[in-house]
Amino acid sequence: MDTRQARLEAARAALAAVEGRVGATREAWDSPELPLAPTLAQLLPRGLRRGHVIAVENSTSLLLALAAEASREGSWTAIVGMPHVGVLAAARRGIDLSRLALIPHPGTQAPAVMGAIVDGMDVVIVGEGLAVSDADRRRIAARARERGSVVLAAQGWAGAHMHLMVERSRWRGLGAGEGRLRERDVTVAVKGRGIAATRRVLVALDVDTQALMPRPAMHQAVAGGRALDTEVA
Amino acid sequence: MSAPRLADAVVDTVRRVVLWVPDWPVVAAAMEAGIGPQAPAAVLHGKGLMAVSAAARAAGVRRGMRRRLAQRACPELVILGHDEGRDARSFEAVAAAAETVVAGVEISRPGLLMIPSAGAARFHGSEEALAEALMTAVAEEAGCESAVGMADGLLAAVMAARANEVVPAGESAQYLAPLPITALAHAAMERAQRAHVEDFVSVLVRLGLHTLGDLVALPGPDVLARFGPIGAWAQRMAAGQDVAPPVLRRSAEDIAVEHTFEDPAERIEQLTLVAAEVAEQLDRALLDASSRCARVRIGARTVTGAELERVWRTDVGVRAGAFAKHMTDRVRWQLEGWLSGTAQGPEPAPLTALRLTAEDVVPLGREQAFLWGGSSGADARAHRALERVQGLLGAEGVLAVAEQGGRSPRDRIHVLAWGQEGVPPRRIEHPWPGHLPEPAPATVLPIPQDVQVLDAGGTPVRIDRRLAMSAPPTWVRLQADPRDAKARAAHRHPSSGHVGGSDGPVWASPLPIEAWAGPWPVAERWWSDDASRRAFLQIAVRDEHGERDLAVLVAFTEGRWVLEAIYD
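All chains use their own residue numbering, which begins from 1 and follows the written sequence. Here every chain gets a letter starting at A, and every ligand a number starting at 1, in the order they are written. With the structure being a predicted model, the display of local features is reserved for residues of pLDDT at least 70 and the display and counting of side-chain atom pairs for 80 or more, all residues being used for whole-chain, interface and lining totals. Water and hydrogen atoms were dropped before computing side-chain values, which therefore reflect all heavy atoms in the structure.

Moving on, we get to the overall build of chain B. The helix count covers DSSP runs of H or I at least four residues long, the strand count covers runs of E at least two residues long, and both are numbered beginning at the N terminus. Helices and strands together make up the secondary structure of chain B, namely 17 helices and 21 strands. Burial classification: accessible surface area is computed with a 1.4 Å probe over protein chains only, and a residue below 20% of its type maximum counts as buried, one above 50% as exposed, and the rest as partly exposed. Across the 568 residues of chain B, 45% fall into the buried class. Only heavy atoms enter the contact rule, under which two residues are in contact if any of them lie within 4.5 Å. By sequence separation, contacts in chain B at least 24 residues apart represent 60% of the contacts at least 6 residues apart. Each accessible area is a Shrake-Rupley estimate made with a 1.4 Å probe; only the visible protein chains count as cover when residues are assessed. As displayed, chain B offers around 28700 Å² of accessible surface, 54% of which is attributable to carbon and sulfur atoms.

Another point: the environment of Leu44 of chain A. Residue and element names in this part refer to chain A. Inspection of the secondary structure assignment puts Leu44 in the loop between β1 (33-34) and β2 (48-49). On the accessibility criterion, Leu44 (3% relative accessible area) is buried. Spatially, the C-alpha atom of Leu44 lies 9.5 Å from that of Ile54, the residues being 10 residues apart in sequence. Apart from the residues lying within four places of it in its own chain, the contact partners of Leu44 are Leu36, Ile54, Leu66, Met162 and Leu164.

Our next topic: the interface of chain B and chain A. Every contact between the two is made by 47 residues of chain B and, on the other side, 53 residues of chain A. For the pairing of chain B and chain A, the buried interface totals around 4200 Å² over both sides, and the portion due to carbon and sulfur atoms is 58%. Salt bridges are defined as contacts in which a side-chain nitrogen from Lys or Arg sits within 4 Å of a carboxyl oxygen from Asp or Glu. At the surface where chain B touches chain A, the tally comes to five salt bridges. Between Asp549 of chain B and Arg170 of chain A there is a salt bridge whose closest N-O contact spans 3.3 Å. For the side of chain B that touches chain A, the elements supplying multiple residues, two or more each, are α16 (377-393), β12 (399-403), β15 (443-450), β18 (511-524), β19 (532-542) and β20 (549-557) of chain B. Counting residues per element, the side of chain B that touches chain A draws most heavily on α16 of chain B, at 11 residues. The classification used treats Ala, Val, Leu, Ile, Met, Phe, Trp, Tyr, Cys and Pro as nonpolar, Asp, Glu, Lys and Arg as charged, and all other residues, Gly among them, as polar. Each residue belonging to the side of chain B that touches chain A can be placed in one class, and the counts come to 29 nonpolar, six polar and 12 charged. At least two bridges found by DSSP between two strands are what make those strands a pair. Strand direction decides the pairing type here: strand β9 (residues 176-177) of chain A and β18 of chain B, joined by two bridges, are parallel. A 1.4 Å probe defines the accessible area here, and the buried area is the portion of it lost by two parts on being joined, summed over both.

Attention shifts here to the nonpolar core. Core analysis: the biggest nonpolar cluster contains 48 residues, and Leu43, Leu152 and Leu164 of chain A have the highest contact counts within it. Setting aside residues up to four positions removed in sequence, Leu164 of chain A forms contacts with Leu43, Leu44, Ile54, Ala55, Val56, Glu57, Leu62, Leu66, Val188, Ala189 and Val190 of chain A. Core analysis: the next-biggest nonpolar cluster, separate from the first, contains 39 residues, Trp20, Val158, Ala161 and Val167 of chain B among them. Residues belong to a common nonpolar core when they are buried Ala, Val, Leu, Ile, Met, Phe, Trp, Tyr or Cys residues joined through side-chain atoms within 4.5 Å.

Moving on to the confidence of the model for chain A. Confidence of the predictor at the level of single residues is captured by pLDDT, which takes values from 0 to 100. Confidence along chain A averages 82 in pLDDT terms, with 85% of residues attaining 70 or more. Here residues 213-233 of chain A is modelled with pLDDT under 50, and outside its nearest four sequence neighbours on either side it reaches three contacts, counting other chains as well.

Okay, the sheet that holds strand β1 (residues 15-20) of chain B next. Residue and element names in this part refer to chain B. Spatially, the four strands line up as an open sheet ordered β5-β6-β1-β7, and their pairing is antiparallel. On the outer flanks of this sheet lie β5 (106-109) and β7 (147-152), each paired with one strand and no other. Along the sheet, successive strands turn relative to each other by an average axial angle of 30 degrees, direction set aside. Pairing analysis gives three bridges linking β5 to strand β6 (residues 112-116), with the strands arranged antiparallel. Bridged to Arg109 within β6 is Leu112. For helices, the axis comes from a line fit to the C-alpha atoms of the stretch in contact; other axes are also lines fit to C-alpha atoms, and the angle between any two N-to-C directions lies between 0 and 180 degrees. Sheet strands in contact with helix α5 (residues 84-99) are β1, β5 and β6, and its direction is about 25 degrees off that of β6.

Turning our eyes to something else, we now look at the sheet that holds strand β8 (residues 162-174) of chain A. The strand order across the open sheet built from 10 strands is β11(A)-β10(A)-β8(A)-β3(A)-β7(A)-β6(A)-β4(A)-β5(A)-β12(B)-β13(B), with neighbouring strands paired in mixed fashion. Both edges of this open sheet fall to β11 (195-206) of chain A together with β13 (413-417) of chain B, since each of them pairs with a single strand only. Across the sheet, the mean angle from the axis of one strand to that of its neighbour is 25 degrees, orientation sign disregarded. As defined by bridge partners, strand β5 (residues 100-103) of chain A adjoins β12 of chain B across two bridges and the pair is classed as antiparallel.

What follows covers the environment of Met121 of chain A. Topologically, Met121 of chain A is positioned in the loop between α5 (110-120) and β6 (123-126). Placed 21 residues apart in sequence, Met121 of chain A and Leu100 of chain A show a C-alpha to C-alpha distance of 9.5 Å. Setting aside residues no more than four positions away along its own chain, Met121 of chain A makes contact with Trp76, Thr77, Ala78, Ala101 and Ser149 of chain A together with Ala382 and Leu386 of chain B.

Right, let's get into the pairing of strand β21 (residues 560-567) of chain B. Residues and elements named next belong to chain B. Among the eight residues that make up β21, seven are buried, leaving the element largely enclosed by the rest of the structure. Bridging between β15 and β21 involves four bridges; their strand directions are antiparallel. Across the sheet, the residue bridging to Thr443 is Ile566, located in β21. Relative to β21, β20 is paired through seven bridges, and the arrangement is antiparallel. Paired with Val552 across the strands is Ile566, a residue of β21. Remark: two residues form the turn of the hairpin made by β20 and β21, two consecutive strands paired antiparallel; Glu558 in that turn has positive phi of roughly 50 degrees.

What follows covers unusual backbone geometry. With glycine set apart, most residues show a phi of negative sign, and most peptide bonds adopt trans. The step from Glu438 of chain B to Pro439 of chain B runs through a cis peptide bond, and the omega angle for that step is -5 degrees. Positionally, Pro439 of chain B belongs in the loop between β14 (420-421) and β15. With an omega of -10 degrees, the peptide bond between Gly518 of chain B and Pro519 of chain B qualifies as cis. Note that Pro519 of chain B resides in strand β18. Unusually for a residue other than glycine, Asn58 of chain A sits at a positive phi of about 75 degrees.

Counted by the stated rule, this structure contains 33 salt bridges over all chains. Linking Arg50 of chain A and Asp122 of chain A is a salt bridge whose minimum nitrogen-to-oxygen distance equals 3.5 Å. Residue Arg50 of chain A is located in the loop between β2 and β3 (53-57), and its partner Asp122 of chain A is located in the loop between α5 and β6; the two are separated by 72 residues in the primary sequence. Among the salt bridges present, the one from Glu258 of chain B reaches Arg355 of chain B, with a minimum N-O distance of 2.7 Å. Placement of the pair is Glu258 of chain B in strand β8 (residues 255-265) and Arg355 of chain B in strand β11 (residues 351-363), with a sequence separation of 97 residues. Among the charged side chains, a network of salt bridges with common partners joins Arg407, Arg410, Glu524, Arg534 and Glu564 of chain B.

What follows concerns α5 of chain B. To estimate how far a helix should reach, multiply one less than its number of residues by 1.5 Å. Relative to the 22 Å expected for 16 residues at 1.5 Å per residue, α5 of chain B spans 22 Å between its end C-alpha atoms, a close match to the ideal helical length. For α5 of chain B, the secondary structure elements touched by its buried residues are β1, α2 (24-33), β4 (78-81), β5, β6 and α7 (127-142) of chain B.

Only Phe, Tyr and Trp rings take part, Trp by its six-membered ring, and two of them pair if their centres are within 6.5 Å. Stacked means planes under 30 degrees apart, edge-to-face means over 60, and tilted covers everything else. What the rule picks out here adds up to six aromatic pairs over all chains. Ring plane angle 65 degrees and centroid distance 6.0 Å describe the contact between Trp76 of chain A and Trp418 of chain B, whose orientation is recorded as edge-to-face. One end of the pair, Trp76 of chain A, is in the loop between α3 (60-72) and β4 (77-80); the other, Trp418 of chain B, is in the loop between β13 and β14, on a second chain. Note on Trp76 of chain A: relative accessible area 4%, which makes it buried. When the centroid spacing of 6.1 Å and the interplanar angle of 80 degrees are considered together, the rings of Trp171 of chain A and Tyr567 of chain B count as edge-to-face. With Trp171 of chain A in strand β8 and Tyr567 of chain B in strand β21, this residue pair bridges two chains. Just as Trp171 of chain A is buried, Tyr567 of chain B falls in that class too. Only lysine NZ and arginine CZ atoms are considered, and such an atom sits over a ring when it is within 6 Å of the ring centre and within 35 degrees of the ring normal. Sitting over the face of the ring of Trp157 of chain A, Arg137 of chain A holds its NZ or CZ atom 4.9 Å from the ring centroid.

Now for the side chain of His259 of chain B. All names here are of chain B. Within the fold, His259 resides in strand β8. Note on His259: relative accessible area 18%, which makes it buried. In this view, His259 contacts Val274, Glu277, Val278, Thr352, Ala353 and Leu354; residues no more than four positions away in its chain are not counted.

What follows is the structure, given as structure tokens:
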């Protein structure tokens, strides 16, 4: 017991010495984290790190949801090159509109605009179809790392730290002419730099907070109906 | 009602000076009508007289009398109309006169000024000297008689002013105790509050409480339990205590700079030079007044006589040197917008005059910072970045958004250029019947796009005026992605029906509808030109691979279907 403890201590000391010599201690390597909603934490195991680029495909809602908690806690958010973004949805997801700026059409100035925005804002959401080359993207990512801002891209981004792709989504609540969109589950394929396998995570992206009928009661009603059917049969 | 706020507030009682101009409505009206103070006059409001001059009172005219009764008592009585705006306006002169003696006064209501006495009395030597200086200044500069009183607490000070007395410190309670309970009404500053207090006082009188001392002698918790917040307020007032500290009025006025063009100007280069010059003038004027402003109103007049106006926020007080440049940019953007006709407003026309007005002027170093501490470094950094992008793209390149009332997702967002001031035109609090249910769509098309909603046989579904659908929707056909070469080729192919190509939209292959809800009718602004009648439908379809549900919001309007938003 005692020798095992001593060996563990020695091993830790050796590791620390090597880390100190190479300059790769984990604390220095990990940049500070921006707050993230607990339901989304499983998507980004390392958290929403400052300086990271995260590509999100196929879902504007997921982009907004990732930025929401940080904005609520006081971060500044800019949405660049997304003239279609639903600002009301952003507000409902928790983005503070007083700290949100939209730059819908950066046009040919996109690289310069992105550079300036990454300098000043904490979270930058980038739309599709910007006039930004791969070299510009690398430069923007480097700038984000240096200034500690998070870039959330609505399309693939070569060299992104994390790559989230919504593969499957299911809406609930609509019927044949009645109901309304209520809840949505999405399956997100998570790839990342330094993560070997693609993980698939099921996330409840929309949760109906004002449902009239509690869910268990509905299940009971259905079960009761079935029971009746079998009896009749 | 403000009574709960009054009851909650527990503040230190402040010693104050009250300057009271007796019968202020009559004095103001007589001054405006050019009648001397010796002539009997009265102000009529509704059925009764609301204020009576001293001469008229001597002739037997009383407050609350009917017009005919008053004229019988005093045939030469001049009856003047009531105008609250005039009372407030003319009282500014009295406040300004008092401000020559002390810095910072509170206008409690037209006719009554309140001044914290501690510093001012020390400066003038004694409270009596301060009172004398105030009365002299008001008599000489505003031309009206006034009375000054001093005491601890609001009610005692007001009553002291009515009696022209100085109540020694700490004796307010004894001073108030023998006064009739009707005096409580003098502590109410607004008309609604006053009526409320008068009702309450009449109850007290019927209960046999005739002096303020009687009310103070009652146990406090019992008064609160029986009469609620107003009882607690009245008891505090009657004991000579305060419920709120005095609010001092800001004395600074708006600073304006105007430039008149000799020849009407329409070239932007010419205007840019003028913009820089005017901005610098304003900067200098602000610096001379050693103040800064929270907002700048930029106004311009065109040769056609139209006025163009916009308000910009300025957050650059700390960076003094940047102000002129900052304002120059804003003036230039705004003029560019007007002259190019991109911004909303009247027809573009050459300008004859340019005017900058600094609003919300505060002394330097007294800027309103954030509630908790100063503005953070992150905020300043973000503002700077956005200003830089505005420099690259123009004012309208960076937008600030706010939520407003409305029914469709597009209507519920109010967009303004970053840094521009404006109030959303539609209130959120209004009910907006028929607004679309949550969740809000994450993609909202700025311009709705044509879409096909088809029934099982492939004919477009129609909705009639009574919201009956011609058939349940079965297929939906969205417009193809413009980058989709396959869809473009199919569109050009002779089998598509239009040989030689057509300019119509390129349709993607139809998708089967999984589920749908609606129609939800929204008929808006039928009385105006921009009337719209729409019926919304929420539709969920499955994409070609059967993996992702695609939920869309479509609307039927004027006989066609449009795609409004996507829940992606």
